[in-house]
Amino acid sequence: MGRFGGTGSEFNPANAQGCPLNDSSSTFRNLCRSSPWKWNSLRFEYLERPGTGAALVRAWLRRPGALRLETPDGQLLHSTTGINDSRDDLYVSATRRSWLLPPHLVTPVHDDAGLVRRRPEAAYGEPSFGNGRLAAALDPVELAGNAPAPLEFPDANPVSMDEPRMVDHEGRPALETVVIRGRTYKPSDPAEPLAHPGRTLIRIDAATGVCVASQSLDGETSGKGHWLRILAVDEYMLDDLFLAESMNLTDVRQHISWDIGPAA
């Protein structure tokens, strides 16, 4: 068993879907910046740890703002409502942020492996539930910042890290390392950071850039973190999936038979 409870086995970097380890620290940081351009929808299982009271949830997420959460036995916990609401109030607010484009409509600066080296200004943000940890895990840019730290100020990186290594996480390649928070680290949710004080073990899925696991290793927060198992990427998801009350829409992927009656 791995340190997170998974297999933890070594993974061949040649199979890492665009994650060469010739400069593994830069690769790790660029991967942490890449999530908004790696996928549009995700089906997964999510568990916050430790604890007593921690419960596994099943999730369907479609960017930019649709999220459904269920218990393992199918009980609905949360479903996005208002995904088709008018955005008039947002636009007439006349703030600069209200006119930012979604990430998939802007072009970042990529490295040679196709990972994001520098993120442009955009309307970032993931749907979440309960606290901000899930949103941070889906787009873990807080571990890297929007751009590389200047060469003359290496301590300006949000976190320092051990040499990342390739591992298997629930059958998928991931980059794993131990990080330590720096002076510039700013979690998206200060109450639920991905990197805790002291050392934190982190895994980033190589294909999606999602933080699939975190675990605090020191101090009062030791053991705290999360575990995420990706079940499917970029599945087609109907609006009906994310509404609290079903609209009984027809899934057009399924064959529809038409009874036209006997010939005249």
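Residues numbered from 1 in each chain as written. Predicted model: local features only at pLDDT ≥ 70, side-chain atom pairs only at ≥ 80, totals over all residues. Heavy atoms only, no water.

Draft legend 1. Geometry of the pattern of salt bridges. Tallied over the entire structure, the rule returns 15 salt bridges. Arg172 is the partner of Asp205 in a salt bridge, and the nearest nitrogen-oxygen pair spans 2.9 Å. In this pair, Asp205 sits in strand E10 (residues 199-205) while Arg172 sits in strand E9 (residues 172-181), placing the two residues 33 residues apart along the sequence. Owing to a relative accessible area of 2%, Asp205 belongs among the buried residues under this scheme. Residue Glu192 is joined to Lys224 by a salt bridge in which the shortest nitrogen-to-oxygen separation is 3.5 Å. With Glu192 in the loop between E9 and E10 and Lys224 in the loop between strand E11 (211-216) and strand E12 (225-233), the pair connects residues that are 32 residues apart, well separated along the chain. (Salt bridge = Lys/Arg side-chain N within 4 Å of Asp/Glu carboxyl O. Helix = DSSP H or I, 4+ residues; strand = E, 2+ residues; numbered from the N terminus. Buried < 20%, exposed > 50% of the residue type's maximum accessible area, 1.4 Å probe, protein only.)

Draft legend 2. The pairing of strand E2 (residues 57-62), seen in detail. By the bridge criterion, 6 bridges tie strand E1 (residues 41-49) to E2 in an arrangement that is antiparallel. Bridge pairing in E2 links Leu42 to Leu61. Strand direction decides the pairing type here: E2 and strand E3 (residues 66-70), joined by 5 bridges, are antiparallel. By the bridge assignment, Ala59 is partnered in E3 with Leu69. Linking E2 back to E3 in an antiparallel pair, the connection comprises 3 residues. (Pairing = 2+ DSSP bridges.)

Draft legend 3. A look at the pairing of E1. Pairing between E1 and E12: 8 bridges, direction antiparallel. Looking at E12, one finds that Leu42 is bridged to Val233.

Draft legend 4. Seen up close, the environment of Glu48. Here Glu48 is to be found in strand E1. Given a relative accessible area of 25%, Glu48 falls into the partly exposed group. For Glu48 and Trp227, which are 179 residues apart along the polypeptide, the C-alpha to C-alpha distance reads 6.5 Å. Excluding residues within four positions of it along the chain, Glu48 makes contact with Ala54, Asn131, Arg133, Gly225 and His226. In this structure the side chain of Glu48 is engaged in a polar contact, spanning 3.1 Å, whose partner is the side chain of Tyr46. A polar atom in the side chain of Glu48 sits 3.4 Å from the side chain of Asn131. (Contact = heavy atoms within 4.5 Å. Polar contact = N/O pair within 3.5 Å; in protein donor to acceptor, adjacent residues only side chain to side chain.)

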